Amino acid sequence: MSDHQNSAGVQNSAVMNAARPISFLHVPTEAEVTPDISRLWGKAQANLGFVPNVFRAQALNTGQFSAWWAYFNLLLNKDGFLPPVEREMVAVVVSNINRCVYCAVSHGAALRGLLLQGGQPTSLEGVLAVNHRHAPLPPRLHAMLDFAEKLTRTPEAMQQSDLEPLRGHGLNDAQILELTQVVSMFNMTNRISSALGFVPNDEYHTFERG
């Protein structure tokens, strides 16, 4: 390796490791947010060991952040009509289709945790991130992820007939609605995160990688 190549490598490493803002916009400090947001940050710190950067970046608009989080939390973290691991699979597939760095990294970490809890290989997350058709999943889940991909890539092409494969694999109307809501939530959140340059926390990159 030449001195020039070595120097370039050092420079590239320095660029990669340089601290950078977690958003293109102003990120409020704890002194600038409401007590409710401060409590949410504290709860996240206690449960996760860190405050997700999306919590900090979106707190700039307090009311909108609170409304987003209430709906997001309901769709992803509460008891619903679909198992949590399936909802996270949808999150990972949609976020990777949209090439959203923040959501692909953070929800990849969440999915690995759920896979581990369920006794499934965490390597499945990596396959889903690249091409869900190659993932060793039951036909029901493939139908769900195919639906998620079409709704993400070509929403204008959706038709009533797109629901038939889901019904054919036993999904009821409440499950189909929840699936659609999760897909749509991630399409929105992906666009917010990408447009404003949200940076995922370092902790997500190594979580449950073995």
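From a predicted model like this one, the values you see are computed outputs, not experimental measurements. Every chain begins its residue count from 1, and numbering advances along the sequence as written. Where local features are concerned, this predicted model is filtered to residues with pLDDT of at least 70; where side-chain atom pairs are given and counted, the filter is 80 or more; whole-chain, interface and lining totals use all residues. For the side-chain quantities, the full set of heavy atoms in the structure was used; hydrogens and water were omitted.

(A) Highlighting unusual backbone geometry. In this structure, Arg 99 is a non-glycine residue whose phi angle is positive, near 55°. Its place among the elements puts Arg 99 in the loop between helix H5 (84–97) and helix H6 (101–117). For Arg 99, a relative accessible area of 74% gives the class exposed. A run of H or I in DSSP counts as a helix once it spans at least four residues, and a run of E counts as a strand once it spans at least two, with each numbered from the N terminus. Partly exposed residues are those whose accessible area sits between 20% and 50% of the maximum for their type, while under 20% is buried and over 50% is exposed, using a 1.4 Å probe and protein chains only.

(B) Just the confidence of the model for the chain, in detail. On a scale of 0 to 100, pLDDT captures the predictor's confidence in every residue. When pLDDT is averaged along the chain, the result is 92, and 91% of the positions lie at 70 or above. We call two residues contacting when some pair of their heavy atoms lies within 4.5 Å. Contacts of residues 7–17 to residues separated by more than four positions or lying in other chains number zero contacts, the stretch itself having pLDDT below 50.

(C) Representation of the packing of H5 against helix H10 (residues 173–195) in the model. Every axis corresponds to a line fitted to the C-alpha atoms, with the helix fit spanning only the stretch in contact, and the corresponding angles, defined between N-to-C directions, vary from 0 to 180 degrees. Relative orientation of the contacting elements H5 and H10 amounts to 40°, with a least axis distance of 9 Å. One way to sum up the angle between H5 and H10 is to call them oblique. Of the two elements, H5 crosses H10, and the hand of that crossing is right-handed. On H10, the residues that touch Arg 87, Val 90, Ala 91, Val 94 and Ser 95 of H5 are Glu 178, Leu 179, Val 182, Val 183, Phe 186, Asn 187 and Asn 190. The nonpolar class holds Ala, Val, Leu, Ile, Met, Phe, Trp, Tyr, Cys and Pro. Asp, Glu, Lys and Arg form the charged class, and all remaining residues, Gly among them, are polar. The residue makeup of the contact of H5 with H10, split by class, is seven nonpolar, three polar and two charged. The labels follow the angle: roughly parallel below 35 degrees, roughly antiparallel above 145, roughly perpendicular from 65 to 115, and oblique for the rest. In this scheme the crossing of two helices becomes right-handed for a clockwise turn of the near helix relative to the far one and left-handed for an anticlockwise turn of less than a right angle.

(D) Looking closely at helix H4 (residues 62–77). Here a helix's expected span is defined as the number of its residues, less one, multiplied by 1.5 Å. For H4, built from 16 residues, the straight-helix expectation of 22 Å at 1.5 Å per residue is met to within 8% by its first-to-last C-alpha distance of 21 Å. Turning to H4, its buried residues are Phe 65, Trp 68, Trp 69, Phe 72, Asn 73, Leu 75 and Leu 76. One side of H4 holds all its buried residues, which, seen down the axis, span an arc of 165°. Where H4 is buried, its residues touch helix H2 (35–48), helix H3 (53–58), H5, H6 and H10. Arc definition: directions from the helix axis to the C-beta atoms.

(E) Local environment of H6. The first and last C-alpha atoms of H6 sit 24 Å apart over 17 residues, in line with the 24 Å expected at 1.5 Å per residue. Within H6, 12 of the 17 residues are buried, which leaves the element mostly enclosed by the surrounding structure. Taken together, the buried positions of H6 are occupied by Tyr 102, Cys 103, Ala 104, Val 105, Ser 106, His 107, Gly 108, Ala 109, Leu 111, Arg 112, Gly 113 and Leu 115. Packing partners of the buried residues in H6 comprise H3, H4, H5, helix H7 (123–130), H10 and helix H11 (202–206).

(F) View of a nonpolar patch on the surface. Residues with no salt bridge and a relative accessible area higher than 30% make up the patches, which join like charges within 9 Å and nonpolar side chains (Val, Leu, Ile, Met, Phe, Trp, Tyr) within 5 Å. Shrake-Rupley sampling with a 1.4 Å probe provides the accessible areas, and residues are treated as covered by the protein chains on show and by no other component. When a carboxyl oxygen of Asp or Glu lies within 4 Å of a side-chain nitrogen of Lys or Arg, that pair is called a salt bridge. Residues Phe 24, Leu 25 and Leu 60 make up a contiguous nonpolar surface patch of about 310 Å² in total accessible area. Among the structural elements, Leu 60 can be located in the loop between H3 and H4. Since its relative accessible area comes to 37%, Leu 60 is described here as partly exposed.

(G) Structural context of the pattern of salt bridges. For the coordinates displayed, the defined rule picks out eight salt bridges. Taking the shortest distance from any N to any O, the salt bridge between Asp 162 and Lys 150 comes out at 2.9 Å. You can see Asp 162 sitting in the loop between helix H8 (139–153) and helix H9 (164–168) and its partner Lys 150 sitting in helix H8, a full 12 residues away along the chain. On the accessibility criterion, Asp 162 (16% relative accessible area) is buried. Arg 167 serves as the salt-bridge partner of Glu 164, at 3.6 Å between the closest nitrogen and oxygen. Taken together, the positions of Glu 164 and Arg 167, both in helix H9 and three residues apart, correspond to about one turn of that helix. Among the charged side chains, a salt-bridge network with shared partners connects Arg 133, Glu 149 and Arg 153.

(H) Layout of the nonpolar core. Grouping buried Ala, Val, Leu, Ile, Met, Phe, Trp, Tyr and Cys residues that are joined through side-chain atoms within 4.5 Å yields what is termed a nonpolar core. Of all hydrophobic cores here, the largest spans 53 residues; its most connected members are Phe 55, Met 89, Leu 128 and Leu 179. Elements with a minimum of two residues in this core: H2, H3, H4, H5, H6, H7, H8 and H10. Residues contacting Met 89, with those up to four places away along its chain left out, are Leu 111, Leu 115, Leu 124, Leu 128, Leu 137, Leu 141 and Leu 145.

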